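# Fold and contact review
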Amino acid sequence: MNRGARSSIPSSLVTDLLEALGGGKVSQDPLDLAAVAPDASHYLLTPGVLVRARSTSDVAAAMAAATRHKMAINFRSGGTSLSGQGLTNGVMVDTRRSFRGVEVLDGGRKVRVQPGATIVAVNSVLARYGRKLGPDPASSVACTLGGVLADNSSGMSCGTVANSYRTLDSMVFVLASGTVIDTADPQCEDKLAHDEPELVETLMALRDQCREQARADEIAFQFSRKNTMGYGLNAFLDYDTPAQILSHLMIGSEGTLGFISSAVMNTVKIMPNLATALLHFPTLDAATKALPALVKSGVTVTELMDSSSLQLCRDDPANGHIIPPAPGNGDAALLVEYHCPDQKSRDEAVEAGNSVISGLDLVNEPTFTDDPAVRGPIWTLRNGLYAKVAGTRQSGQTALLEDIAVPVETLAGVCGDLQQLFSEHNYPESIIFGHAKDGNIHFLVVEDFRNKAGLDRYEKFTEDMVTLVLNAHGTL
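It should be emphasised that the depicted structure is a prediction, and the values quoted were computed from it without experimental measurement. (Residues numbered from 1 in each chain as written. Predicted model: local features only at pLDDT ≥ 70, side-chain atom pairs only at ≥ 80, totals over all residues. Heavy atoms only, no water.)

### Focus: the pattern of salt bridges
Evaluated as defined, the whole model comprises 22 salt bridges. As a salt-bridge pair, Asp-94 and Arg-96 come within 2.9 Å of each other at their nearest N and O atoms. Residue Asp-94 is classed as buried on the basis of its relative accessible area of 4%. Exposure remark for Arg-96: the relative accessible area of 27% places this residue in the partly exposed category. Among the salt bridges present, the one from Glu-212 reaches Arg-215, with a minimum N-O distance of 2.7 Å. (Salt bridge = Lys/Arg side-chain N within 4 Å of Asp/Glu carboxyl O. Buried < 20%, exposed > 50% of the residue type's maximum accessible area, 1.4 Å probe, protein only.)

What follows is the structure, given as structure tokens:
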């Protein structure tokens, strides 16, 4: 963990930035640097210089200057990352102020967004058209499109069908050299080939390698489910030309390939008819084993909460009464929801859901509802789990959120094995929750990194966890 170290910024780089951008956009004021040093993670890096970019050309100039001086550069908008992706001790480019544009296109079927706009802000504009963005991460009120695209964020209901990768229409991106490419421009392939010939040659060579049968089969398998581990190599199978491949590689690249200045996204219809139920199981194993039948029934959302998660919810002074009492040790719940275009479809979905539920091992009989007064508090509890764990940790401890995905049919075993690892490594306060329909779960552990024992324990746990997930053909 780096506790705020700042790199030595060459004065020649600062001079270059000032000449290219002007004094009003470049700052080394200690207060300015401190303001953008932290994000939502437990890491801290203090940038050496701050650039307040006001346009794509400003970003291009800053990237070109950083490249010439071989200095790290990063981009800051929402700062909601729990893994430190928004930090740098080099050049920080602040895109929060001047990159908030939202332009509705094609009657709401598409929307042009800039990286500083939040999911909630974009969806509030689209709501009048009965549309929304596909990605729906839990942090939608604060996270911005720059991070959503760079991380290929998904969320509660979009799965792999309506995530950032699948709903991207076109993109304007800036490469480290300062080259700007707009994939909506019919001449974009020619421009990329002219400005970046070595990059194009590399992309085409990688495309040909990825399309060799054995590699293609493995890539197709790995990306048939949620997978943001490494670069999105499926772009080499899904697209043929360099600019299209590169723009889709940008999705999920965490900013390592370039800056996404704007993107046109295909939107999805808002489903106005909802059916929500909280399924309470006696064990985590029973909950995870119920998933295949629920998924087959067409459920849109299936959020898993283990016994520790449920107890945190029960302790909530406002809404804790919603969660049924624990029948013993080790209960679990699935928050399931069907999203339907009309009442007829909702009735059919509820019928399908009840048909599955009748054969499940449940603590009590659930009821589907579309009442916002009932649904709202349940979702408030689910979305507040990270904050609840973080709020109960002792001073000096860090709450670490991990994100894994495994085939749904192996999820029950993986969750059981994770709980065993929590016990073996003495993490009794850990919880498991997440988007179980896609085999995608989160888990939280709390650690104290102020001493070597804490660092060593977390390292050993992480090694065991990685082995567990990869042996289950999962992704990290």
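### Some thoughts on the sheet that holds strand E3 (residues 73–76)
With mixed pairing, the four strands of this open sheet are ordered in space as E1-E2-E4-E3. Across the chains shown, the open sheet's two edge strands, defined by having one partner strand only, are strand E1 (26–27) and E3. Taken together, the four bridges between strand E2 (residues 49–52) and strand E4 (residues 91–94) define a ladder with parallel strand orientation. Looking across to E4, one finds that Arg-52 is bridged to Asp-94. Contacts from helix H3 (residues 56–68) reach E2, E3 and E4, with the element oriented near 150 degrees to E3. (Pairing = 2+ DSSP bridges. Helix = DSSP H or I, 4+ residues; strand = E, 2+ residues; numbered from the N terminus. Contact = heavy atoms within 4.5 Å. Axes fitted to C-alpha atoms, helices over the stretch in contact; angles between N-to-C directions.)

### Describing the pairing of strand E6 (residues 110–113)
Side chains of E6 alternate between two faces, with Val-111 and Val-113 buried and Lys-110 and Arg-112 left unburied. For strand E5 (residues 102–105) and E6, the ladder comprises four bridges, and the chain directions are antiparallel. Following the sheet pairing, Glu-103 is matched in E6 by Arg-112. In this antiparallel pair of consecutive strands, E5 and E6, the connection spans four residues, and Asp-106 shows a positive phi of 55 degrees.

### With respect to the pairing of strand E17 (residues 440–447)
Most of E17 sits inside the fold, with eight of its eight residues counted as buried. The alternating pattern of E17 places Asn-440, His-442, Leu-444 and Val-446 on one face and Ile-441, Phe-443, Val-445 and Glu-447 on the opposite face, and all of these are buried. The pairing of strand E15 (residues 398–405) with E17 spans eight bridges and is antiparallel. The residue of E17 that forms the bridge with Glu-402 is Phe-443. Bridging between strand E16 (residues 431–435) and E17 involves five bridges; their strand directions are antiparallel. The partner of Ile-431 across the bridge, within E17, is Leu-444. Taking the residues between adjacent antiparallel strands as the criterion, E16 and E17 are bridged by four residues, where Gly-439 takes a positive phi near 65 degrees.

By themselves, these are just geometric observations and shouldn't be taken as functional.
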